[in-house]
Amino acid sequence: MSLDRETLYRGLSHAAWGYFFLHIHFKLNRVDILPVFVGWLLLLSACQKLAGARRDLALLRPLAVLLAVWNGADWLAAWMGQSVKGHILFLDLLIAVAVLYVHFQFITDMAALAEQYQPEKGGLDRKLRRRRTVYLLVATGVDLLLTLPGGRHEEVRAYAGVALTVAGIAAALLVMAGLFELRRYVREAGEE
C-alpha cells in the first residue's frame, strides 16, 4: 500500500520529533518542560500516518497510547513531587519491555521504508538497523541498571549509568538524524 508523499513526510517529521521529546529533557524542579508523553503522542501520530506504507505500525498504536498515558500520569505526578514509576517492579518491567518492543518494531519499519526511498547505494536502511541495535542494547542496559537492586558497588553503578545515558542519547540522536534523512529522501522522491 502506498501513501502520498506529504503524509509520509509529515509522519516521518512526527517520528523524528517524537524521538527528540523522548530523549531530550529539561527540568524545572522535578517537572520536565519537554514531557516524554508528547514524544509518545508524536510516535502515535507517526504510526497512524505511516501505517498505510507499513502495516506493522498499526499494531504499535495501542502500545503507544499506553506509553503516552503512563508517561502523562508520571508527568502529572511530578507536579506534586511524586512518580508513578518505581512502585511496582512488575509494572516497571512491563513498561520497559513495551518501550523496547515499540522502538525495535518502529525503527525496523523505518529501515524498510528507507529501502524504498533511499537513493541507490544509499545505505540508510543498514544504518538504521545498526542504530536500532545499538539503541536497544543501551536502553536495555539502562533499564537493567535502574531496576536491579543496588549493592556494594554504587559508585561503579553511578558511572555506568552516566556512560549508558550519554550513549543512549547519542544513539537516539543518530536514530532521529536517520529519520530526518529518510524524510528528505521522501521529499526528494516526490520532486522527481
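Up top is the structure these notes are about.
Here goes a summary of the coordinates provided. Everything numeric here is computed off the predicted structure, so don't read it as measured data.

It is worth spelling out the packing of helix α2 (residues 36-50) against helix α4 (residues 89-117) at this point. Two numbers describe how α2 lies on α4: the axes approach to 12 Å, and their chain directions differ by 40°. When the interaxial angle is binned, α2 and α4 end up oblique. Crossing handedness for the pair α2 and α4: left-handed. Facing Trp40, Leu43, Ala46, Cys47 and Leu50 of α2, the residues of α4 in contact are Val99, Val102, His103, Phe106, Met110 and Leu113. Residue composition of the contact of α2 with α4, by class: 10 nonpolar, one polar and no charged.

Attention shifts here to the packing of aromatic side chains. Taken as a whole and assessed by the stated rule, the structure comprises seven aromatic pairs. Centre to centre, the rings of Phe20 and Phe21 are 5.9 Å apart; their planes meet at 85°, and the pair counts as edge-to-face. Here a set of aromatic residues connected by ring pairs shows up, and it is made of Trp17, Phe20, Phe21 and Phe180.

This brings us to a nonpolar patch on the surface. A cluster of nonpolar side chains, Ile88, Phe90, Leu91 and Leu94, forms an exposed patch at the surface whose accessible area comes to about 390 Å². Inspection of the secondary structure assignment puts Leu91 in helix α4.

On inspection of all chains with the given rule, the structure shows five salt bridges. Among the charged side chains, a salt-bridge network with shared partners connects Glu115, Asp125 and Arg129.

A word on unusual backbone geometry. Residue Asn29 is not a glycine yet carries a positive backbone phi of 60°. Relative to the elements of secondary structure, Asn29 occurs in the loop between β1 (27-28) and β2 (31-32). Its identity as a non-glycine residue notwithstanding, Lys121 has a phi of 60°, on the positive side. By secondary structure assignment, the location of Lys121 is in the loop between α4 and α5 (124-147).

With 24 residues, helix α3 (residues 56-79) extends 36 Å from end C-alpha to end C-alpha; this agrees with the ideal 34 Å at 1.5 Å per step. At Pro62, α3 shows its largest bend, some 30°. Buried residues of α3: Leu57, Leu60, Ala64, Leu67, Ala68, Trp70, Asn71, Gly72, Asp74, Ala77 and Ala78, and no others. Where α3 is buried, its residues touch β2, α2 and α4. At the exit of α3 stands Gly81, carrying a positive phi of roughly 75°.

The topology assignment puts Gln118 in the loop between α4 and α5. Reaching out from Gln118, the side chain makes a polar contact with the backbone nitrogen of Leu124 at a distance of 2.7 Å. With residues near it in sequence (within four places) discarded, Gln118 still touches Gly123, Leu124, Asp125 and Tyr185.

Once that is clear, we can look at the side chain of Asp125. Note on placement: Asp125 falls in helix α5. What makes Asp125 buried here is its relative accessible area of 9%. Look past the residues within four positions of Asp125 in its chain and what remains in contact with it is Ala111, Ala114, Glu115 and Gln118.

Let us now look at the layout of surface pockets. Within this model, the largest pocket holds a volume of roughly 1400 Å³. The wall of the largest pocket is formed by 39 residues, among which His25, Lys85, Val142, Asp143 and Leu146 lie closest to the centre. Elements with a contribution of two residues or more to the lining of the largest pocket: α1 (5-23), α2, α3, α4, α5 and α6 (154-191). At eight residues, the largest contribution of residues to the lining of the largest pocket is made by α5. Of the residues in the lining of the largest pocket, the class split is 21 nonpolar, 11 polar and seven charged.

Thresholds applied
Residues numbered from 1 in each chain as written. Predicted model: local features only at pLDDT ≥ 70, side-chain atom pairs only at ≥ 80, totals over all residues. Heavy atoms only, no water. Axes fitted to C-alpha atoms, helices over the stretch in contact; angles between N-to-C directions. Helix = DSSP H or I, 4+ residues; strand = E, 2+ residues; numbered from the N terminus. Parallel < 35°, antiparallel > 145°, perpendicular 65-115°, else oblique. Left-handed = near helix turned anticlockwise from the far one by under 90°. Contact = heavy atoms within 4.5 Å. Nonpolar A, V, L, I, M, F, W, Y, C, P; charged D, E, K, R; others polar. Phe/Tyr/Trp six-rings, centres within 6.5 Å; stacked < 30°, edge-to-face > 60°. Patch = residues over 30% accessible without salt bridge, like charges linked within 9 Å, V, L, I, M, F, W, Y side chains within 5 Å. Areas by Shrake-Rupley, 256 points an atom, 1.4 Å probe, with all protein chains shown as cover. Salt bridge = Lys/Arg side-chain N within 4 Å of Asp/Glu carboxyl O. Expected span 1.5 Å × (residues − 1). Bend = angle between axes of the 7 residues up to and from the residue. Buried < 20%, exposed > 50% of the residue type's maximum accessible area, 1.4 Å probe, protein only. Polar contact = N/O pair within 3.5 Å; in protein donor to acceptor, adjacent residues only side chain to side chain. 1 Å grid on protein atoms, 1.4 Å probe; cavity = no way out; pocket = protein on both sides within 12 Å on 5 of 7 lines; lining within 4 Å. Points joined across faces, edges and corners; volume = space filled by probe spheres on them.

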